[in-house]
Amino acid sequence: MTTTPEAAGPAAGASQLLKGIGKIDGDGFKDTTRKGEVVFVYAQPLPEPYAPGQYPRVGNTGYSASTQQYDFAPATVDEAREHIEARLAAAADELARAKKLTNDLGKIIHDMTVAQQAAWIEWQHGKGADAAMTWIHNGLAGPGFIPDEDEPYGKEAQAWYDANRADPFPTCFCGRPSNSLWMGKGFCSSAHYEQHRAEVEAQKKEG
Ligand SMILES: [Zn+2]
């Protein structure tokens, strides 16, 4: 096998990776390079429109590292292996954390649903509606979630829900939280929905 010393690729026996050592401190925003920082890139430079001397980073190939930021040298097989194994281990840890979080959240939602079912059973088959509300009250009081009546809409059930749900509709033109949606606009009541529709119809006739 012939070798061509001037070729940019890795030498025979080297890994396909380059190890870069940061030689500048970037602005920390567009350029996160730090002096002495170690990065690993694939040994094939990115094609145009990338400027010359830009290499794809291992694990994030759309994010280039350049010869202006780092001094590159071929990574040994051991260095490449250690880097790849560390990245995979970090990804596996993150996945395990995400799985545990999903599982924990699922249990919380499950238990809240079961408590609401118990309340419904109390209402329909047990001691009635007031006793059923004890299930709801206890579920809120434990974690400190009894709504404060001084909070906005703290005395209005529908508006409280509309204002505080995870993804509220756009606010009604009157400034109150919405519970219906039409053509991308939210409405607090059927009266305000009807009013808006009437205005739109009138504008159509004029136009
Ligand atoms: Zn309104």
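Everything below is about the structure printed above this text.
Residues numbered from 1 in each chain as written. Predicted model: local features only at pLDDT ≥ 70, side-chain atom pairs only at ≥ 80, totals over all residues. Heavy atoms only, no water.

Visitor: What is the right way to look at the nonpolar core in this model?
Guide: One broad rule of soluble globular proteins: the nonpolar side chains tend to lie buried together. By size, the foremost hydrophobic cluster in this structure holds seven residues: Leu18, Val39, Val41, Ala43, Tyr55, Ala65 and Tyr70. Apart from the residues lying within four places of it in its own chain, the contact partners of Val41 are Gln16, Leu17, Leu18, Tyr55, Pro56, Arg57, Val58, Ala65 and Phe72. Phe40, Val58, Ala75 and Ala80 belong to the second largest nonpolar core, which has five residues in total. (Core = buried A, V, L, I, M, F, W, Y, C linked by side-chain atoms within 4.5 Å. Buried < 20%, exposed > 50% of the residue type's maximum accessible area, 1.4 Å probe, protein only. Contact = heavy atoms within 4.5 Å.)

Visitor: Sorry, what's going on with the layout of surface pockets here?
Guide: Vacant regions in the atomic arrangement are exposed by a probe of water-molecule size rolled over the atoms. When its volume is computed, the largest pocket comes out at roughly 380 Å³. Lining the largest pocket are Met112, Ala115, Gln116, Trp135, Ile136, Gly139, Leu140, Pro143, Phe145 and Pro147. At four residues, helix α2 (residues 129–141) tops the list of elements feeding residues into the lining of the largest pocket. The space that makes up the second largest pocket amounts to roughly 190 Å³. Along its surface, the second largest pocket is lined by Pro147, Tyr153, Gly154, Glu156, Ala157, Trp160, Tyr161, Asn164 and Arg165. Tallied by class, residues from the lining of the second largest pocket come to five nonpolar, two polar and two charged. (1 Å grid on protein atoms, 1.4 Å probe; cavity = no way out; pocket = protein on both sides within 12 Å on 5 of 7 lines; lining within 4 Å. Points joined across faces, edges and corners; volume = space filled by probe spheres on them. Helix = DSSP H or I, 4+ residues; strand = E, 2+ residues; numbered from the N terminus. Nonpolar A, V, L, I, M, F, W, Y, C, P; charged D, E, K, R; others polar.)

Visitor: What should I look at first to understand the side chain of Gln69 in this one?
Guide: Among the structural elements, Gln69 can be located in the loop between β4 (60–66) and β5 (70–74). The class of Gln69 is buried, set by a relative accessible area of 13%. A polar contact is formed between the side chain of Gln69 and the backbone nitrogen of Ser66, at a distance of 2.9 Å. Sequence-distant contacts of Gln69, that is, excluding residues within four places in its chain, are made with Ile21, Gly22, Lys23, Ile24, Asp31, Thr33 and Ser64. (Polar contact = N/O pair within 3.5 Å; in protein donor to acceptor, adjacent residues only side chain to side chain.)

Visitor: Please clarify how the coordination of the zinc ion should be interpreted in this entry.
Guide: Expected angles at a metal are 109.5 degrees for tetrahedral coordination by four donors and either 90 or 180 degrees for octahedral coordination by six donors. For the zinc ion, the protein coordination sphere consists of Cys172 (SG), Cys174 (SG), Cys188 (SG) and His192 (ND1), at 2.0 to 2.3 Å. Around the zinc ion, the four donor atoms are arranged such that angles at the metal cover 102 to 117 degrees; this shape is classified as tetrahedral. (Donors = N, O, S within 2.8 Å, 3.2 Å for Na, K, Ca; no water. Tetrahedral: all angles 85-135°; square planar, octahedral: opposite > 155°, others 65-115°.)

Visitor: Quick question: what am I supposed to make of the packing of aromatic side chains here?
Guide: Two aromatic rings are characterised by how far apart their centres lie and by the angle between their planes. Tallied over the full model, the rule gives five aromatic pairs. Ring plane angle 45 degrees and centroid distance 6.0 Å describe the contact between Tyr70 and Phe72, whose orientation is recorded as tilted. Here Trp120 and Trp123 contribute two aromatic rings whose centre-to-centre distance is 6.3 Å and whose plane-to-plane angle is 85 degrees, an arrangement assigned as edge-to-face. In this pair, Trp120 and Trp123 both sit in helix α1 (residues 77–125), three residues apart, roughly one turn of the helix. The exposure class assigned to Trp120 is partly exposed, which follows from its relative accessible area of 47%. Residue classification places Trp123 among the partly exposed residues on the basis of a relative accessible area of 46%. An aromatic cluster of three or more residues is present, and its members are Tyr55, Tyr70 and Phe72. The ring of Phe169 has Arg165 lying over it, and the distance from NZ or CZ to the ring centre is 4.5 Å. (Phe/Tyr/Trp six-rings, centres within 6.5 Å; stacked < 30°, edge-to-face > 60°. Lys NZ or Arg CZ within 6 Å of the ring centre and 35° of its normal.)

Interpretation in functional terms is not warranted from these geometric data alone.
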